[in-house]
Structure formats: C-alpha cells, structure tokens
Amino acid sequence: MNIDPIMLSKYNVPVPRYTSYPTVPVWKEGIDTERWKRMFSEEFSKNNLHTGTSLYIHLPFCESLCTYCGCNKKITSNHGVEKEYIEATTNEWRLYRQLMSEPPILREIHLGGGTPTFFSPSNLELLIDSIVKRAIVHPHREFSIEGHPNNTTKNHLTTLYDLGFRRISYGVQDHDPEVQRVINRIQPLENVRRATEEAREIGFKSVNFDLIYGLPKQTIPGIEKTIEQTIELKPDRIAFYSYAHVPWTSRGQRLFDEHDLPSAQEKLELYLKGKELLTTAGYIDIGMDHFALPGDDLYKAWLNGTLHRNFMGYTTQRTSFLLGLGVSSISDIGVAFAQNRKSLHEYYEVIDKSELPVFKGYFLNEEDVAFRKYILNIICKGFTKIDPVDLPVLRELCFPELEKLKKDELVEWNEKEVIVTSSGRHFIRNISSAFDLHLQRNKQEVKTLFSKAI
Ligand code: SF4
C-alpha cells in the first residue's frame with residue numbers, strides 16, 4: 001500500500017525503536033549486582049524447564065572500521081586477541097552457571113558483533129563447545145550468527161553448521177561501490193553472492209541481509225540497483241534499517257563529509273523506493289524495517305502472533321529469558337535488564353576478579369511489566385487487550401495520545417482494546433510510544449515547567 005507522505009513527515013520525529021521497555025536511557029548506572037543475581041536465579045528457575053534459555057554472545061572485534069557503525073566494536077588486525085576473549089566469555093558463563101539451579105536448556109544462541117566471523121572456525125568451535133558442555137541443547141534449538149561477507153569462509157560455514165547453526169545474517173548495507181568507498185566497507189557483490197550461495201549449499205535454512213538507507217552518497221538509482229541485486233540473491237529476510245547519524249557518540253561518523261548525507265526528504269524517498277521494490281518482489285513488510293519471504297519463520301511468527309522483539313530487533317525467540325555474554329552485552333530476563341561493561345579492558349578486569357561484569361540495568365516494577373506487554377503486543381501483533389486495572393493510568397497518560405493517532409486513522413481504540421490499522425502499521429513506533437509511561441510522564445513534566453515559565 002502507498003503511505004501518505006504528509007503523515008510520514010508528521011510522524012518523522014525521534015521515537016525509540018522499543019527493543020526494550022523501559023528504554024536504555026531510563027536505565028541506571030551502578031546496578032545492584034546482588035539483586036541482579038537473586039532475580040537472575042529466580043527467573044532462571046521459573047523459565048528454564050518451561051521455555052528454555054537463550055544466549056546472546058557479543059564478539060566485538062573487526063579488522064577495519066566502517067565509518068557509519070554505531071556498534072560496540074574493537075578494531076584490530078591482531079587475531080591473537082581471540083583466545084583471551086573466549087576465555088573471558090567462558091569464565092563469565094561459568095559465573096552465571098553457578099547461579100543456575102539446574103543445567104540450562106539452551107533453546108537459542110546468537111553470535112553478534114563486531115564481526116563474529118573475525119574469529120577462526122576453530123575458535124568459534126571452542127567457544128560453542130565450552131558453552132554447550134555446561135548445558136542441555138534443546139532438540140528444536142535455533143543457533144544463528146552475524147557474518148561478514150568478506151571473511152565468512154566455507155570452513156566457517158561448515159564448522160557452524162556442524163555445531164547446529166542454521167541461520168546466518170550478512171551485513172550487506174549497500175552494493176554501490178561509491179557508497180562503500182565513503183563508508184569504508186569495500187565489499188564486492190561477488191563476496192556477498194559467494195557467502196550466500198555457500199551457506200545455502202551447506203544447509204543453512206535462513207539467510208538474512210542487513211541493508212541501510214540514509215547512508216552518505218546514496219541515491220535513488222543506487223538504491224534501486226542495490227535492492228535489485230539483493231532480490232536476485234533472494235535472502236529469506238531483509239532488515240532495511242534507517243541510518244542513525246550520531247557523530248557525538250559514534251566517532252567514526254565524523255570521518256565522512258556530512259554534505260554527502262541525503263536530506264530527510266531524500267532519505268524518506270530512499271526508504272519508500274526500497275520498500276516498493278521489495279514488496280513488489282514478494283517480500284512481506286513485517287513492520288519496523290523488517291521484510292521476509294512468505295516461507296520464512298519470521299513471517300510465520302508474524303502471522304501466528306508469536307513474533308518477539310528484543311535487542312536484535314524482531315525475532316522468533318521462544319523464551320523470555322535471554323542472557324547476554326561478552327563486552328557490552330545486554331541480558332533481558334523479563335523483569336530486569338542488565339548491561340555488561342562496554343570497555344574491553346574493564347570487562348576483562350572484572351571477570352578476572354570472578355565478578356559479573358554488569359554495570360547498568362533496570363528492575364521493572366509491576367507497572368513497567370504491564371506496559372511492556374502492551375508495547376510488545378502493539379509491535380509484534382498489531383493489537384492489545386487492555387487490563388481494566390490499568391485504566392486510571394491509561395486514561396491520564398495514554399488515551400489522549402491514542403485519540404490523536406485515531407484522528408489520523410492509525411489506530412482504532414476503546415477501553416477494552418487497541419488495534420493498529422493498516423496505515424498505522426507504518427507508524428508502529430509512534431503508536432508504541434503512546435504506552436511509554438516514562439516518555440509520557442517526561443512530556444507532562446516539560447509541559448508543566450514550560451507553563452510555569454511563561
Ligand atoms: S559495521 Fe560491523 S564490521 Fe563494520 S565496524 Fe561495525 S561492527 Fe565492525
């Protein structure tokens with residue numbers, strides 16, 4: 001369907017992506033580690049036998065800096081760092097194992113980065129072996145990895161396949177050589193093709209591509225070509241992300257000329273062109289930048305209402321207990337979040353003392369848990385039932401926002417349920433923000449301050 005450009009521009013305001021609720025800016029530094037450990041143990045015992053345990057492992061090293069990158073990474077060409085990092089991550093896993101009353105039933109493992117395929121196949125095998133030997137692997141496990149098309153070798157793919165990995169996500173971003181030059185990510189189409197075809201030949205059942213719109217030097221003809229070349233390789237899923245320009249936190253972004261960035265209007269046109277080509281080619285728009293072919297599990301999960309959203313974006317995650325290992329990783333145990341130290345040096349230092357490397361986090365109260373559920377329902381299912389218990393808060397903070405959205409035909413709502421309309425699907429973040437009590441209360445405080453000032 002066509003999206004009204006006026007609405008796009010009206011709702012083109014900074015809104016969280018809701019990969020967590022409450023969102024990271026609300027979290028506190030100096031997390032109470034003892035409380036985190038206690039809650040971790042309790043939630044583990046509640047979840048493990050029931051739904052299993054998910055692991056995210058952050059592998060931070062990259063051989064060269066892509067200037068647009070906002071990830072937590074360490075640039076080095078010294079592969080001697082691999083062993084030390086694996087040892088630290090394995091030690092962190094051991095510390096968490098001591099908090100578990102029984103062997104974890106591993107339902108999911110995701111290796112993210114950085115560049116996980118910076119590590120040699122044998123070191124990845126060492127890492128996974130040392131994790132799974134202290135666990136039970138669920139018969140219907142889902143193991144996935146983020147691969148760089150330039151350095152994912154056949155040996156990587158075979159080793160990972162033998163370890164049980166069936167999903168791979170390649171960072172493609174843009175096939176245009178001029179864009180690649182400016183973002184310092186020279187990645188010939190041939191490498192993407194080879195890595196994709198080899199993964200399929202070896203037996204990976206899902207190949208995902210990450211693409212980005214809004215990069216420097218991107219043009220409409222350029223994005224058309226990138227999408228056409230992507231369609232030709234037929235990835236099962238595509239995440240078509242918006243580039244976030246935050247040079248004050250991502251210093252690499254200062255390395256290109258800001259004049260090369262598309263304007264807000266041009267960026268919107270790049271997105272619309274990409275979306276049009278993808279949907280015409282048979283990809284389904286799941287929402288919030290994710291597209292999938294109808295045979296893919298992400299699409300099936302979207303259809304049957306089991307889609308989930310976490311720090312990796314939309315997932316088919318089947319557990320609500322996610323442990324993050326490695327520098328800067330985030331754990332989400334349903335009622336609390338914790339993030340590991342972001343500096344490699346500090347991460348090693350704390351692990352060496354046999355302490356958990358968490359430094360920041362958030363413990364959800366009952367209200368957070370209830371409103372997180374509303375946001376997840378809106379984002380993953382497109383509707384939510386309302387619990388009458390929450391009506392007083394909803395009436396004060398959320399319903400006025402929903403009423404504005406209703407006027408623009410983005411939602412239908414009453415005091416029992418909220419339903420996202422087909423136009424509303426393109427504004428899911430804005431709709432979710434109506435249930436973000438931290439945001440709404442902040443807005444109210446600002447309003448009060450402003451009215452006192454005039
Ligand atoms: S985009 Fe990926 S490969 Fe490039 S620097 Fe960032 S994490 Fe490393």
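Described below are features of the structure shown in this document. Owing to the predicted nature of the structure, the values given are computational and were not obtained by experimental measurement. (Residues numbered from 1 in each chain as written. Predicted model: local features only at pLDDT ≥ 70, side-chain atom pairs only at ≥ 80, totals over all residues. Heavy atoms only, no water.)

1. Overview of the sheet that holds strand 20 (residues 417-420)
Alright, step 1. Strand order in this open sheet of three strands is 18-20-19, and the pairing throughout is antiparallel. Strands with a single pairing partner mark the edges of an open sheet, and in this sheet they are strand 18 (383-385) and strand 19 (411-413). Between one strand axis and the next, the sheet turns by 10° as a mean value, whatever way the strands run.
Alright, step 2. Two elements, strand 19 and strand 20, share three bridges in a ladder whose sense is antiparallel. Counterpart to V411 in the pairing with strand 20 is V420.
Alright, step 3. Lying over the sheet, helix 13 (residues 391-407) contacts strand 19 and strand 20, oriented at roughly 130° with respect to strand 19. (Pairing = 2+ DSSP bridges. Helix = DSSP H or I, 4+ residues; strand = E, 2+ residues; numbered from the N terminus. Axes fitted to C-alpha atoms, helices over the stretch in contact; angles between N-to-C directions. Contact = heavy atoms within 4.5 Å.)

2. Quick notes on the site of the ligand
Alright, step 1. Taken together, the neighbourhood of the ligand is formed by C62, S64, C66, Y68, C69, G114, T115, H148 and R185.
Alright, step 2. Residues that form the shell around the ligand fall into these classes: four nonpolar, four polar and one charged. (Near = heavy atom within 4 Å. Nonpolar A, V, L, I, M, F, W, Y, C, P; charged D, E, K, R; others polar.)

3. Structural notes on the pairing of strand 10 (residues 284-287)
Alright, step 1. Across three bridges, the pairing between strand 10 and strand 11 (residues 290-292) is antiparallel. Pairing of D285 across the sheet is with F291, part of strand 11.
Alright, step 2. Two successive antiparallel strands, strand 10 and strand 11, enclose a turn made up of two residues, where M288 displays a positive phi of approximately 40°.

4. Quick notes on the packing of helix 7 (residues 189-202) against helix 8 (residues 220-233)
Alright, step 1. For the pair helix 7 and helix 8, interaxial distance at closest approach is 11 Å and the crossing angle is 25°. By the criterion of interaxial angle, the relationship of helix 7 to helix 8 is roughly parallel. For the element pair helix 7 and helix 8, the recorded crossing hand is right-handed. For the pair helix 7 and helix 8, contact is made by L189, V192, R193, T196 and R200 and by Q229, E232 and L233, respectively. (Parallel < 35°, antiparallel > 145°, perpendicular 65-115°, else oblique. Left-handed = near helix turned anticlockwise from the far one by under 90°.)

5. A few points about the pairing of strand 14 (residues 322-325)
Alright, step 1. Of the two faces of strand 14, the one lined by L322 and G324 and the one lined by L323 and L325 are each fully buried.
Alright, step 2. Note: strand 2 (residues 53-59) against strand 14, four bridges, orientation parallel. Note on strand 14: the bridge partner recorded for L55 is L323. (Buried < 20%, exposed > 50% of the residue type's maximum accessible area, 1.4 Å probe, protein only.)

6. Brief notes about the nonpolar core
Alright, step 1. W36, Y96 and L111 are the most contacted members of the largest nonpolar core, which has 72 residues in total.
Alright, step 2. Here this core takes seven residues from helix 3 (residues 81-97), the largest share from any one element.
Alright, step 3. Setting aside its immediate chain neighbours within four residues, Y96 contacts W36, F40, L323, L325, L356 and V358.
Alright, step 4. Counting 40 residues, the second-largest nonpolar core is a separate cluster that includes Y11, Y18, Y314 and V418. (Core = buried A, V, L, I, M, F, W, Y, C linked by side-chain atoms within 4.5 Å.)

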